[in-house]
Amino acid sequence: MRQLTAFMRKEWLESVRTGKVTILLLLFIGFGILNPAIAKLTPRLLTLMSESLSETGLSVSAVKVDALTSWAQFYKNAPLGLIVFLLVFSGTLTNEYLKGTLINLVTKGLRRWKIIASKGIVLAAFWTAGYWLCYVVTYGYNAYFWDNGAAAHLFFSAFCFYALGIWLISLILAMSAFFGSGSGVMLGVGGSFLIVYLLGLLPRIAEYLPAYLLNASNLTTGNGQPADYAAAIAVTSVWIVLNVVLAVLRFNRKLL
Amino acid sequence: MNMLTLSHVCKSFGGRPVVDDLSFSVKPHTIFGFIGQNGAGKTTTMKMILGLLAADRGNIEVNGEQVAFGRTRTNRHIGYLSDVPEFYGFMTPGEYLELCGKIARMAPSQARSKSAELLKLVGLDGADTRIQGFSRGMKQRLGMAQALLNDPPLLICDEPTSSLDPLGRKEILELMLLAKNRTTVVFSTHILSDVERICDEAAFLHQGRIIRGGTLEEIRAARREDGPELEVEFYSAADAERFKARFSAARMFSLSGVRLEAQDEEAVPGILEMLARERLPVRRFERLEPTLEDLFAEMVRG
């Protein structure tokens, strides 16, 4: 346990001192504010543009915005946040291979599975904190300006995207155990996601795939039921566990 | 019991043997020099001892325990210093040693006092800036502190001096000598003068095999079948020429210096007698000990 907490503390210190935590805070708080701000500004922008639009024959009638507009923004921006998050942390293991920093610690007796475990826990904690911070900020502004009651199954739909993030983090770990470079890991993670996404185009299996969780934002507008996503969540959970197990097994044989 | 034993260890990369049926053992509290050219298989051997690389065949034991690839159990007996040790640049030396102490499962109070003691020993006790600004020599000294932190019975250093300037080299060699009181040291190098300075025993590795090993005395003795080599330096070139003319195998090594190989031990007094008889003033008369460099060059040439 001491090895695990010591290595996790090192991960935390690294993220603070190399500015990663600052980037994440700015990113997620920024998006959290941006979501309602865009919703709030949309009518004004359209009014400002209405004159030039009417010259082209388009007429702008009164635009109605509410919490749903802001939540729609949330689901537009969340993937962007996730991509930046993955880019920032994709080198979490490969940077250590590159510099050879793990050798000292492994030769001091650090169990290899604890490296994977610490990295996984810290990354998941950062994603949890960042993503839900963004959610809370958006939720707060929405409650102030409008009424969150307009959106259905808010927490559950947000949870679905959160789970997708955890799945991608577990993919980073698994890919890092196979590849030696950061670009290899990004290609592996990106490629895996693309394959899963394309497989999702087949109606028969779509609802069993992690990529299906992207559709959970439809729940907020009253389309579908949480139960529709049960299969995808179950498959994603099992897949996360498999990724971590695979990462540990492969990393045990990895040349450092 | 030996601190380290390798028996019939083999390792090849892509069909090319790098370590070929390697066997040797290291006794406790010795400094063992592992000598070879670049690519002789030194680093590969050390990585196998540390469980960082799998051996194709053979057996490695550290302190009586068998080493297994990918596991780190036997590493609790080992302190390791690589040729260019890498640390987390965002940490201070104190923080790094604290991390190492926790990983080596030391009691916090013990880790603290030990790390303070070692930082003092390696001359980094005043340096509480981040490691990213450290020079190579400073990193190497921190590496030494890190390697000795948990009082390992075996210290393995992979070419610890090869990337350092002369002053840095001297410091690391002195640290290794100091470490000998507490631990057994195995260090690889291609700098033979380092071996002569601090090693008790050595093994010459060539193309993955040990071509000669033992105490430094034994290694040198293997060459003593030949007559002793002498170097005689005179005050003038003319005297040197006169002296040289007497010996067919003699050759000049400088303007006024002659090098020659005596037939055997008995021939040496005869040469001194001749110098006295001819009244040749000698600036220096020296019997050359074979350097490890000479021995190594001979052995490698086969």
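Residues numbered from 1 in each chain as written. Chains lettered and ligands numbered in written order. Predicted model: local features only at pLDDT ≥ 70, side-chain atom pairs only at ≥ 80, totals over all residues. Heavy atoms only, no water.

As annotated in an unreviewed UniProt entry, chain B is ABC transporter ATP-binding protein from Saccharibacillus alkalitolerans. In its Sequence similarities (unreviewed entry) section, the UniProt entry covering chain B states "Belongs to the ABC transporter superfamily." (UniProt positions renumbered as here; feature names shortened; annotations may be inferred.)

Where an unreviewed UniProt entry is consulted, chain A appears under the name ABC transporter permease subunit, with the organism given as Saccharibacillus alkalitolerans.

**Some details on the UniProt feature "transmembrane region" (unreviewed entry) in chain A**
Residues and elements named next belong to chain A. In this structure's numbering, the residues bearing the UniProt feature "transmembrane region" (unreviewed entry) are residues 78-98, 119-138, 150-173, 185-206 and 226-249. The span residues 150-173 shows a helical share of 83% and a strand share of 0%, and its end C-alpha atoms are spaced 39 Å apart. A distance of 25 Å separates the end C-alpha atoms of residues 185-206, which is 86% helix and 0% strand. (Helix = DSSP H or I, 4+ residues; strand = E, 2+ residues; numbered from the N terminus.)

**Some words on the packing of helix H7 (residues 154-178) of chain A against helix H10 (residues 230-252) of chain A**
All names here are of chain A. Look at H7 against H10: their axes get within 8 Å of each other, and the N-to-C directions meet at 20°. Compared by their axis directions, H7 and H10 come out roughly parallel. Of the two elements, H7 crosses H10, and the hand of that crossing is left-handed. Here H7 contributes Phe-156, Phe-159, Cys-160, Ala-163, Ile-166, Trp-167, Ser-170, Leu-171, Leu-173, Ala-174, Ala-177 and Phe-178 to the contact with H10, which in turn contributes Ile-233, Thr-236, Trp-239, Ile-240, Asn-243, Val-244, Leu-246, Ala-247, Arg-250 and Phe-251. For the contact of H7 with H10, the class distribution of residues is 18 nonpolar, 3 polar and 1 charged. (Axes fitted to C-alpha atoms, helices over the stretch in contact; angles between N-to-C directions. Parallel < 35°, antiparallel > 145°, perpendicular 65-115°, else oblique. Left-handed = near helix turned anticlockwise from the far one by under 90°. Contact = heavy atoms within 4.5 Å. Nonpolar A, V, L, I, M, F, W, Y, C, P; charged D, E, K, R; others polar.)

**Comments concerning the pattern of salt bridges**
Applying the stated criterion across every chain, the model contains 28 salt bridges over all chains. Between Lys-10 of chain A and Glu-96 of chain A there is a salt bridge, and its shortest N-O distance comes to 2.6 Å. Of this pair, Lys-10 of chain A sits in helix H1 (residues 2-17) while Glu-96 of chain A sits in helix H4 (residues 94-99), and the two are 86 residues apart along the sequence. Lys-10 of chain A gets classed as buried once you look at its relative accessible area, which sits at 1%. Given a relative accessible area of 4%, Glu-96 of chain A falls into the buried group. For Glu-174 of chain B, the salt bridge goes to Lys-170 of chain B, with nearest N and O atoms at 3.2 Å. Taken together, the residues span about one helical turn, with Glu-174 of chain B and Lys-170 of chain B both in helix H5 (residues 166-179) at a distance of 4 residues. (Salt bridge = Lys/Arg side-chain N within 4 Å of Asp/Glu carboxyl O. Buried < 20%, exposed > 50% of the residue type's maximum accessible area, 1.4 Å probe, protein only.)

**What about the nonpolar core?**
One finds Leu-102, Leu-105 and Phe-251 of chain A together with Leu-4, Tyr-88, Met-144 and Met-176 of chain B to be the most contacted residues of the largest nonpolar core, which totals 96 residues. Excluding its chain neighbours within four sequence positions, the residues that come into contact with Met-176 of chain B are Ile-31, Met-144, Cys-157, Pro-160, Val-185, Phe-187 and Ile-198 of chain B. (Core = buried A, V, L, I, M, F, W, Y, C linked by side-chain atoms within 4.5 Å.)

**Considerations on the interface of chain B and chain A**
At the interface, 32 residues of chain B touch 29 residues of chain A. Of the roughly 2,900 Å² buried where chain B meets chain A, counting both sides, 57% is carbon and sulfur surface. Run the count over chain B and chain A and you get 1 salt bridge. A salt bridge links Glu-95 of chain B to Arg-17 of chain A; its shortest N-O distance comes to 2.8 Å. The interface formed by chain B and chain A includes 9 residue pairs in polar contact (both at pLDDT 80 or more). Counting residues per element, the ones that place at least two in the side of chain B that touches chain A are strand S6 (78-81), helix H2 (93-103) and helix H4 (136-148) of chain B. Looking at which element gives the most residues to the side of chain B that touches chain A, the answer is H2 of chain B, with 7 residues. For the side of chain B that touches chain A, the class distribution of residues is 20 nonpolar, 5 polar and 7 charged. (Buried area = accessible area lost by both parts, 1.4 Å probe. Polar contact = N/O pair within 3.5 Å; in protein donor to acceptor, adjacent residues only side chain to side chain.)

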